[in-house]
Structures are given as C-alpha cells and as structure tokens.
Amino acid sequence: MGGPRRLLLVSNSTLHGGGYLGHCQQHIKSFLGQRVKRVLFVPYALHDRDAYARTAREKFESLGYELDSLHESCDPVEAVRKSEAIFIGGGNTFRLLKALYDNSLIQEIRKRVLEDGIPYMGSSAGTNVATISINTTNDMPIVYPPSLQALGLIPFNINPHYLDPDVKSTHMGETREERIRQYHEEPNTPPVLGLREGAMLLVEGDKATLQGVTGARLFLRGKKPTEHEPGTDFSFLLIDSNLQNL
C-alpha cells in the first residue's frame with residue numbers, strides 16, 4: 001500500500017444521545033474510503049472480547065466494511081502484517097497496552113502504519129496507545145504493561161474524554177487540568193492535547209487537524225493552556241522536538 005501515516009484519533013466511542021461510533025461514522029467513511037475493504041479490530045482493552053467484536057463488526061458492516069477481530073486470529077502478528085486498516089477500540093488503556101506487548105505487536109503496528117501507510121483509527125484507549133506514552137490516560141492501572149511507552153505514532157500525548165472543571169461542583173479532587181499540570185511538573189514531558197468528547201484528531205502525513213463537534217485544550221509544559229476549535233491546524237505538534245521548551 002505505502003504512503004504517509006494516516007490516523008483518526010477519536011476521543012470517545014459513544015457520544016451522549018447516540019450509538020456506538022455514531023458521532024464519527026461519516027469521518028470514518030471519509031477516512032477509510034473505498035480502497036479499504038476489511039478492518040482489523042483490536043478488542044484488547046475490554047475483558048469480553050467476543051461481545052466487543054460483535055459490537056464493532058455490526059457498526060463497521062453497516063458502513064460497508066468487513067471486520068476481523070484480532071483476538072480470533074491464531075497468529076496476531078501475521079494478522080497485523082496482512083491488515084488493510086487497524087482500529088483499536090476503547091476500554092482500559094493499561095490492559096490494552098499490556099496485551100499489545102504480550103502479543104509482540106508494538107513494532108508490527110508501528111511498521112504497518114508508519115512505513116506501509118495503512119490507516120489507523122483509535123478511540124479512547126486506542127487513541128491513548130497511538131501516542132508517545134499512556135501517561136495521560138484517565139484509567140486505573142488494573143494490570144502492569146512492561147512499559148508506559150506506547151506506539152509512538154505521534155510525538156505527543158492525548159488526554160481523551162477531557163473534562164472542563166465544573167464551577168458548581170463540590171468535588172474536592174484534582175481537575176483534569178490539574179492532573180495534566182502535575183504531569184508537566186516532570187522534566188522533558190511532551191505536549192498534551194485534551195480532546196473533549198465529540199472531538200477527534202485527523203493526521204495525514206505531517207498535517208494534523210482537529211475535527212468533530214467540540215474543541216480541545218492544549219497543554220505545553222511551562223505555559224498556560226490554550227483553547228482550540230474544530231478546524232485548528234495542529235501540524236506543529238508533529239514536529240518531534242522539545243516543544244515543551246518553546
């Protein structure tokens with residue numbers, strides 16, 4: 001196939017009031033296009049992989065694509081090598097990343113996406129593992145992957161399901177913004193893009209564009225966070241440099 005990297009990184013699988021991937025189905029069809037006939041689904045983030053695969057298969061078939069679930073393959077590495085497109089679904093990010101390491105899939109997926117140019121779609125946890133690390137996931141560490149380093153398809157972090165502080169709330173725990181700021185208290189930490197539910201990032205080669213119906217909040221180490229609307233060009237985040245020091 002060949003070509004530049006193509007990523008669709010979605011904040012969430014289900015938006016309030018809609019069905020599974022309903023809010024982004026037109027984006028999926030535009031992203032995959034007509035060349036892709038079969039999608040390889042990675043259900044590792046949830047415990048019941050059979051049920052998860054049924055949900056994903058029903059949705060993708062309704063969009064005109066066949067779907068194979070990686071957990072049904074006797075050789076996951078070979079399945080990745082033969083895949084036309086990859087979709088990694090949401091769930092627990094630690095469980096997902098551990099399974100990717102356990103099945104020796106990190107480098108295989110990287111090669112297919114970054115060298116061979118097949119489309120990669122992630123949702124929630126699947127978006128987390130597409131980034132440089134899972135340090136900014138919202139999930140509990142229910143299992144322990146050998147490393148927090150992820151697929152590294154982009155050189156920064158994403159926080160899916162980003163929540164703005166509720167000024168009326170009496171909750172005294174840290175806000176999402178405070179937790180990201182704590183992350184940036186550590187040295188050499190990359191940018192974090194807080195994707196609200198309903199938002200997604202489209203990456204085509206060296207161009208990254210915010211899409212969806214909601215905005216995003218960008219956090220750079222040592223700087224005040226900035227607000228961004230759909231249509232924002234985030235291509236500068238793809239430059240693998242010490243952006244936190246800009």
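Rules and cut-offs
- Residues numbered from 1 in each chain as written.
- Predicted model: local features only at pLDDT ≥ 70, side-chain atom pairs only at ≥ 80, totals over all residues.
- Heavy atoms only, no water.
- UniProt positions renumbered as here; feature names shortened; annotations may be inferred.
- Buried < 20%, exposed > 50% of the residue type's maximum accessible area, 1.4 Å probe, protein only.
- Helix = DSSP H or I, 4+ residues; strand = E, 2+ residues; numbered from the N terminus.
- Pairing = 2+ DSSP bridges.
- Right-handed = clockwise from strand over helix to strand, strands pointing away.
- Contact = heavy atoms within 4.5 Å.
- Phe/Tyr/Trp six-rings, centres within 6.5 Å; stacked < 30°, edge-to-face > 60°.
- Salt bridge = Lys/Arg side-chain N within 4 Å of Asp/Glu carboxyl O.

By the naming in an unreviewed UniProt entry, the protein is dipeptidase E, taken from Strix occidentalis caurina. Per its UniProt entry, the protein bears the Catalytic activity (unreviewed entry) comment "Dipeptidase E catalyzes the hydrolysis of dipeptides Asp-|-Xaa. It does not act on peptides with N-terminal Glu, Asn or Gln, nor does it cleave isoaspartyl peptides." Per UniProt, the protein has the following entry under Subcellular location (unreviewed entry): "Cytoplasm".

**Q** Where do I start with the pairing of strand E3 (residues 66–69) in this structure?
**A** Each regular strand displays side chains that alternate between the two surfaces of the sheet. Burial along E3 is one-sided: the residues Leu67 and Ser69 are buried and none of Glu66 and Asp68 is. In terms of strand pairing, strand E2 (residues 38–42) meets E3 through four bridges, oriented parallel. Note on E3: the bridge partner recorded for Val39 is Leu67. A crossover connection joins E2 to the parallel E3 through helix H2 (residues 49–62); in handedness this β-α-β unit is right-handed.

**Q** Teacher, can you tell me more about the environment of Leu8 here?
**A** Structurally, the position occupied by Leu8 is in strand E1 (residues 6–10). With 119 residues separating them in the primary sequence, Leu8 and Thr127 have C-alpha atoms 8.4 Å apart. Setting aside anything within four residues of it in sequence, one finds Leu8 in contact with His27, Ile28, Phe31, Tyr120, Met121, Gly122, Met200, Leu201 and Leu202.

**Q** Explanation requested: the packing of aromatic side chains in the structure shown.
**A** Within a pair of aromatic rings, the relevant descriptors are the distance that separates the centres and the angle that separates the planes. As enumerated under the stated definition, the model contains five aromatic pairs in all. Considering the side-chain rings of Tyr162 and Phe219, the 5.8 Å spacing of their centres and the 55° angle between planes classify their relative orientation as tilted. Here Tyr162, found in the loop between strand E6 (157–159) and helix H7 (176–183), pairs with Phe219, found in strand E10 (residues 216–219); they are 57 residues apart in sequence, far enough to count as distant. Taking the relative accessible area as the measure of exposure, Phe219 reaches 4% and is therefore buried. Through a chain of ring-to-ring contacts, the aromatic side chains of Phe41, Tyr52, Phe60 and Phe87 assemble into a single cluster.

**Q** How should I be thinking about the pattern of salt bridges in this particular structure?
**A** Two side chains carrying opposite charge are able to pair once their charged atoms lie near each other. If you walk through the whole model with that rule in mind, you get 13 salt bridges. For Lys111, the salt bridge is made with Asp116, and the minimal N-O distance between the two is 3.5 Å. Among the residues examined, Lys111 registers a relative accessible area of 38% and is labelled partly exposed. Accessibility expressed as a relative area gives 18% for Asp116, which makes it buried. Of the charged contacts in the structure, one is a salt bridge between Asp116 and Arg112, with a shortest N-O distance of 2.8 Å. Comparing Asp116 with Arg112, the two get one shared label, buried. Several salt bridges share partner residues, and in doing so they unite Glu177, Arg196, Arg217 and Glu227 into one network.

**Q** So what exactly am I meant to see when it comes to unusual backbone geometry here?
**A** Peptide bonds are, in most cases, trans, and in most cases residues other than glycine have a negative phi. Notably, Leu21 is not glycine yet its phi reads approximately 60°, a positive angle. By secondary structure assignment, the location of Leu21 is in the loop between E1 and helix H1 (25–32). We classify Leu21 as buried; its relative accessible area is 0%. Phi angles above zero are rare outside glycine, and Ser124 is one such case at about 55°. Here Ser124 shows up in the loop between strand E5 (120–123) and helix H6 (125–128).

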